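# Chains, contacts and geometry: an overview
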There are 4 protein chains.
Amino acid sequence: MILIIKSSSEKKQINNLLNWIERQGLKVHMSVGDNSTILGLVGDTSIIDIDLLRSLDIVESVKRIQEPYKKANRKFHPEDTILEINGHKVGGKNFTYIAGPCSVESEKQIISIAKEVKEAGAHFLRGGAYKPRTSPYSFQGLRESGIELLSKAKKETGMAIVTEIMGANDIDIFEDVDIIQVGARNMQNFELLKALGRTSKPILLKRGLANTIEEWLMSAEYIMSEGNEKIILCERGIRTFEMYTRNTLDLSAIPLVKELTHLPVIVDPSHASGLSRLVAPLSLAATGVGADGLIVEVHNDPTNALCDGAQSITPKQFSSLVEKIDIMLPIVNKIRN
Amino acid sequence: MILIIKSSSEKKQINNLLNWIERQGLKVHMSVGDNSTILGLVGDTSIIDIDLLRSLDIVESVKRIQEPYKKANRKFHPEDTILEINGHKVGGKNFTYIAGPCSVESEKQIISIAKEVKEAGAHFLRGGAYKPRTSPYSFQGLRESGIELLSKAKKETGMAIVTEIMGANDIDIFEDVDIIQVGARNMQNFELLKALGRTSKPILLKRGLANTIEEWLMSAEYIMSEGNEKIILCERGIRTFEMYTRNTLDLSAIPLVKELTHLPVIVDPSHASGLSRLVAPLSLAATGVGADGLIVEVHNDPTNALCDGAQSITPKQFSSLVEKIDIMLPIVNKIRN
Amino acid sequence: MILIIKSSSEKKQINNLLNWIERQGLKVHMSVGDNSTILGLVGDTSIIDIDLLRSLDIVESVKRIQEPYKKANRKFHPEDTILEINGHKVGGKNFTYIAGPCSVESEKQIISIAKEVKEAGAHFLRGGAYKPRTSPYSFQGLRESGIELLSKAKKETGMAIVTEIMGANDIDIFEDVDIIQVGARNMQNFELLKALGRTSKPILLKRGLANTIEEWLMSAEYIMSEGNEKIILCERGIRTFEMYTRNTLDLSAIPLVKELTHLPVIVDPSHASGLSRLVAPLSLAATGVGADGLIVEVHNDPTNALCDGAQSITPKQFSSLVEKIDIMLPIVNKIRN
Amino acid sequence: MILIIKSSSEKKQINNLLNWIERQGLKVHMSVGDNSTILGLVGDTSIIDIDLLRSLDIVESVKRIQEPYKKANRKFHPEDTILEINGHKVGGKNFTYIAGPCSVESEKQIISIAKEVKEAGAHFLRGGAYKPRTSPYSFQGLRESGIELLSKAKKETGMAIVTEIMGANDIDIFEDVDIIQVGARNMQNFELLKALGRTSKPILLKRGLANTIEEWLMSAEYIMSEGNEKIILCERGIRTFEMYTRNTLDLSAIPLVKELTHLPVIVDPSHASGLSRLVAPLSLAATGVGADGLIVEVHNDPTNALCDGAQSITPKQFSSLVEKIDIMLPIVNKIRN
């Protein structure tokens, strides 16, 4: 970590800072120039709060050299993490399809979609039971009984299930869930992250709407620091000034995140734009940019069931998408597992 | 709510949509034009998920006419909400000062600051016990024992106390806290909002880093819909492309939010910029723009205690700031209560 | 266009507004409800300044139904525009490669790269002569003599040339240029757009760093409204809070813009991220999402010429990228022309 | 300037870079660590293109220590720049009011407003002649004859006049204009900036919608580097995800910019929000945060002339605003000149 100290700083202030840095167990190299003094901090700087240093009156700016994450950092774990879930591999050269409806509605619905997406090539079944909704007056999901229905679909089809958790209180209810999803709005719900770090379930960690790549990896680090290293990252769009799409899918983030971390990174093309007709082109783009898989909303009867079919594609469209992607996979050096 | 339907839509699709809308208990006025058909939805549209409608293939765009919040809406409650907390009024013509350290560190520290900020004019004492930190390796606050120390300061000085909660599990521990703060990162932690809605404590609801004014009011509505209408909103900066400040304090939001809601709205000048030398100018600006008060970080000995003093001002600086604001209050038609 | 009028508005104010609207040659349908009055404006609303209406005290909000652009609007020109430039087609099913160095440096350099990118499959040669630089102290390009060197490369290889213009004063100097590029920072330099609209050259119009899709199409409309309808749009990244990449490439914009307009849309993968190692993955993504082509920086000797090679790929890497994309083209229903 | 070099870099690559840096006339201090090598560049780094260095494969990140602007930099000119325009001082302790209509419409209109705002306390008269409009179909201003009308108002009232230029071609027409305004969309129209740098007129340089503070100061530097150092900066709102206001007024920028530069900085409260009812609160906020003045849209008859009155306040409201600000000025240590 490098600190640029203002030339106007008093000696006493700089000494206070030097003492404080040393009390944190770090060494300091100091180089005094004409217009500014530069301090180089050596040691484990991950414990240092960079905002705190930035806010000091005598500090002009601060620059990290080492990333603040360790367990998620590819520098210390150069090999790709490959998770083995229900007989399928996630990460490395493997391309993973997660598919299913926006919300779990009924036993018949979820089992029928499960069969269709499995047939089309999906590895895992997704479905919303606890639904994060902006309005308290909107339907909040079937909650506990939604998870029971997912379990039935799992028993019937053998597919592992993925669903979102919204609070640390509910972890026991998620016992039968194979991959627990943390939604974008909870990416920095640190109490939830810590609680999930004490489980042994794979966690699908979505990027927050306004979170940097570094903050995303720090949230993965929260889970990993408690002992659970089974994490799948998921890009789902960030908030920008462009309102024509609900969010702006940040596909450049995929190759960058894969440089920074060894964890698998997948893409959610359904939620980023909120438009079902963009799911196919964004899925091809995500494949081209090097994602390790996709999580796609698929619904069985969009014309009759208005509500859930809206931002979803049909099983037939999903099947045709998988066929196209399968042709692309060799170009990006991936295989369907 | 107004829906613009694409001219290319099939009759059957439009009928499906009309049926669905009517099943939600709404009436529809339809007006067919050359290039588009317009549907006007009449009734309680707050239950409608606007993103769902937007994502339909036949829908070109959707526009709300009625705001989706009711209890927080000034249209239905034209008078300012004035909360009475520990003998002080918040909202209306009253200007409120909340002050105290970033983190609670020790009994001596918190009691001494409490006395100083009270002397300078503060109505309530703030202090962090549970600390939301980007890194799992950073100090997470004194937690439960931090709240005990705040209680001691309360007993000693008679000041009501304000501190942040991070999870629904901790509500019991906050029994002695007078105003419970929800931080920016938890603004859409809906499980927490609902749990707080079932308490009778005043809630200080900070705006999320990437949340619109409407989402902020919807989060207030979450709390209110469960029965607790004692809410103080707090603007603390939004995330933009400008990285010279940590966040961009959105002061235009203050007069706009006060038009939309009857709830009090205060400003946090300390966290927005992360720079103690900006606290005074931003506080004067917040007063000028019509805020109902300020929540300011104040620390007693910045030179010795590097850590907490960084983005805080001293009690002496706080006292001088209060004096300046007191001169300004008549200009904005406010009084110190 | 739909206006929502506040319920608190006075009759006199509404009448003033109605009179003004009719003076603009529009008809008004008025529908009075309990909480708000809705005005529907019928006629050519493209002349109306929507910001002006929004700013009126009695107006709660305004919604356009018709897009404000006409000549660029796919509704009025459903067929794809296909430009024929130097024997190559741009738009429709055709996939176009534009390649060349960041800056033109010397006759030898530009001719040698031109030959190499032509060999690799490029249709057009790009090269910077006038360089927009944030700092007045940075090299501003060879300017007029850079264009002369491009002309020599054109004569030598037969490739049409693409280069950026920075002011209306320079149009005469661009006589020999085949496609004139308008950079992101000049997307709303309206005097330049009008001047280019009076030429007959194809214009490559880059999206501004902070411009919405609608503003981008309005800038195309500026050129078209003066008579020049030969426009190629180019997405090159928008400015967001994420600073790990220089800009965030907005690939979702591609399929959306192609719905809204009949003009061809290409992608610049080099400038968006500013990282040469992201050029290949972002190019594959752009192809997957449906772009009509790519404009790529290619440099012949990155190890010796540090400066220009930095964010560019080598001709060999470009050639290998073209091969991969050629495999992908049938999946997205495109051909190399 | 500090460069962090990746640990994976080859010696040959680092040597190429070292040679290149030295060819730019800079010295390098190199410090080799376990995980990264750090290069410190000493000398005039303002000529270095930081994006170029960032894009190199072997460079992990780059950090400037010296700002890239010199003439605009307070470090080299610690005293406030105070401009003397038409007998009024701008900058330093002086608070300046610029007021007038959105557009110049007629001789009668502009002279009548000029008299009213002068009476209310305005120092300079603003009025739009050349109007930057998103749509080519919107009214583009009276242009040359608008400037003639401003000149008449100047003759009549003795007020210096401020109006916006849109292209370098028009500079001759602006001979009688006292302060030439560069609008937000032209902040990085470098050809225009250079041309204005060769005049001796004071320039009012608005911040671009998506431009950082550093880019803004670099645009000032463009003008100054050509010899014209008479610049007034103007904050007018940046583009963010919040769409309730047209732009987000970045008031924190004011004290920060005043730390970085010696140039005067004023605020435009009219264009930021696009809502006339926000002009007064935002003006008080701008005063509180330390601005050197305001540029405010004022219109004489909002009820009859719908168009121009929309985002403007009346002379009476302006006069009452000036009275309030005059009370505030001593608090922020300013005087009306």
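Just so we're clear, the structure is a prediction, and the values are computed from it rather than from any experiment. (Residues numbered from 1 in each chain as written. Chains lettered and ligands numbered in written order. Predicted model: local features only at pLDDT ≥ 70, side-chain atom pairs only at ≥ 80, totals over all residues. Heavy atoms only, no water.)

### Focus: the interface of chain C and chain A
Taken residue by residue, the interface counts 36 residues in chain C and 36 residues in chain A. Buried area between chain C and chain A, both sides added, is near 3,000 Å², and the carbon and sulfur share of it is 73%. Contact with chain A buries surface across chain C, with Phe241, Tyr244 and Ile331 of chain C losing the most and accounting together for 21% of the total. There are four salt bridges connecting chain C and chain A. Two residues, arginine 207 of chain C and glutamate 242 of chain A, come together in a salt bridge whose shortest N-O distance is 2.8 Å. Where chain C packs against chain A, one counts six residue pairs in polar contact (both at pLDDT 80 or more). Listed by contribution, the elements that provide at least two residues to the side of chain C that touches chain A are helix H7 (253-260), helix H9 (279-289) and helix H11 (315-328) of chain C. (Contact = heavy atoms within 4.5 Å. Buried area = accessible area lost by both parts, 1.4 Å probe. Salt bridge = Lys/Arg side-chain N within 4 Å of Asp/Glu carboxyl O. Polar contact = N/O pair within 3.5 Å; in protein donor to acceptor, adjacent residues only side chain to side chain. Helix = DSSP H or I, 4+ residues; strand = E, 2+ residues; numbered from the N terminus.)

### Let's talk about the relation of the copies chain C and chain A
Superposition of chain C onto chain A requires a rotation of 180 degrees combined with a translation of 0.0 Å along the rotation axis, giving an RMSD of 0.0 Å. The superposition of one copy onto the other is thereby described by a two-fold rotation axis. Taking C-alpha positions as the reference, the residue of chain C nearest the rotation axis is alanine 285 of chain C, at 1.9 Å. Both copies present the same face, since 100% of the interface residues in chain C are matched by interface residues at the equivalent positions in chain A. (Least-squares fit on C-alpha atoms with pLDDT ≥ 70 in both.)

### Some details on the sheet that holds strand E1 (residues 2-6) of chain C
Residue and element names in this part refer to chain C. Taken in spatial order, the four strands make up an open sheet running E2-E3-E1-E4, and their pairing is antiparallel. One side of each edge strand has no neighbouring strand; the edge strands of this open sheet are strand E2 (27-32) and strand E4 (59-63). Mean inter-strand twist for the sheet, computed between neighbouring axes without regard to direction, equals 20 degrees. Both E1 and E4 contribute to a ladder of four bridges, which runs antiparallel. (Pairing = 2+ DSSP bridges. Axes fitted to C-alpha atoms, helices over the stretch in contact; angles between N-to-C directions.)

### A few points about the domain arrangement of chain A
When cut into domains, chain A gives domain 1 (2-63) and domain 2 (83-332). Spacing between the C-alpha centres of domain 1 of chain A and domain 2 of chain A amounts to 42 Å. (Domains from an automatic or database assignment.)

### Regarding the interface of chain B and chain A
The accessible area lost on association of the parts is a frequent measure of interface size. In this assembly, 57 residues from chain B lie in contact with 57 residues from chain A. Between chain B and chain A, the buried area comes to about 5,000 Å², and carbon and sulfur atoms account for 50% of it. At the boundary of chain B and chain A, one finds six salt bridges. Where chain B packs against chain A, one counts 23 residue pairs in polar contact (both at pLDDT 80 or more). Residue assignment for the side of chain B that touches chain A shows that the elements contributing at least two residues are helix H1 (11-23), helix H2 (50-54), helix H5 (190-197), helix H6 (213-225) and helix H10 (306-309) of chain B.

### Topic: the pattern of salt bridges
Counting across every chain of the model gives 85 salt bridges over all chains. Its salt-bridge partner being lysine 154 of chain C, residue aspartate 178 of chain C comes within 3.1 Å of it at the nearest N-O pair. Of this pair, aspartate 178 of chain C sits in the loop between strand E9 (160-165) and strand E10 (179-182) while lysine 154 of chain C sits in helix H4 (residues 144-157), and the two are 24 residues apart along the sequence. By relative accessible area, which is 18% here, aspartate 178 of chain C ends up buried. Counted as one network, the salt bridges with shared partners bring together Arg207, Glu235 and Asp250 of chain A together with Glu242 of chain C. (Buried < 20%, exposed > 50% of the residue type's maximum accessible area, 1.4 Å probe, protein only.)

### Here's the deal with the relation of the copies chain B and chain A
Comparison of the two chain copies shows a relationship of rotation about an axis with a shift along it. The two copies are related by a screw motion: chain B maps onto chain A through a turn of 180 degrees and a shift of 0.0 Å along the axis, at an RMSD of 0.0 Å. Most of the interface of chain B is mirrored in chain A, where 98% of its interface residues again form contacts.

### A word on the packing of helix H5 (residues 190-197) of chain A against helix H6 (residues 213-225) of chain A
Residue and element names in this part refer to chain A. Two elements in contact, H5 and H6, have axes whose closest approach is 6 Å; the angle formed by their N-to-C orientations is 45 degrees. As the angle between them shows, H5 and H6 are arranged oblique. When you trace H5 past H6, the crossing you get is right-handed. On H6, the residues touching Phe190, Leu193, Lys194, Leu196 and Gly197 of H5 are Ser219, Tyr222 and Ile223. (Parallel < 35°, antiparallel > 145°, perpendicular 65-115°, else oblique. Left-handed = near helix turned anticlockwise from the far one by under 90°.)

### Here's the deal with the nonpolar core
Counting residues in hydrophobic clusters, the biggest one holds 316 residues, and the most contacted among them are Phe318 of chain A, Phe318 of chain B, Phe318 of chain C together with Phe318 of chain D. With near-sequence residues (within four places) excluded, phenylalanine 318 of chain C lies in contact with Tyr97, Ala99, Val117, Ala120, Ala122, Val296, Val298 and Ile313 of chain C. (Core = buried A, V, L, I, M, F, W, Y, C linked by side-chain atoms within 4.5 Å.)

### Comments concerning the environment of methionine 243 of chain C
Structurally, methionine 243 of chain C can be placed in the loop between strand E12 (231-235) and H7. The sequence separation of methionine 243 of chain C and serine 320 of chain C amounts to 77 residues, and the corresponding C-alpha distance is 29 Å. Other than its neighbours up to four places away in sequence, methionine 243 of chain C contacts Phe241 and Met243 of chain B.

### Section: unusual backbone geometry
Not every positive phi belongs to a glycine, and asparagine 86 of chain C is a case in point at roughly 55 degrees. Following the sequence through the fold, asparagine 86 of chain C ends up in the loop between strand E5 (83-85) and strand E6 (88-90). If you check the backbone angles, asparagine 333 of chain D has positive phi at about 65 degrees while not being a glycine. Topologically, asparagine 333 of chain D is positioned in the loop between helix H11 (315-328) and strand E15 (335-336).

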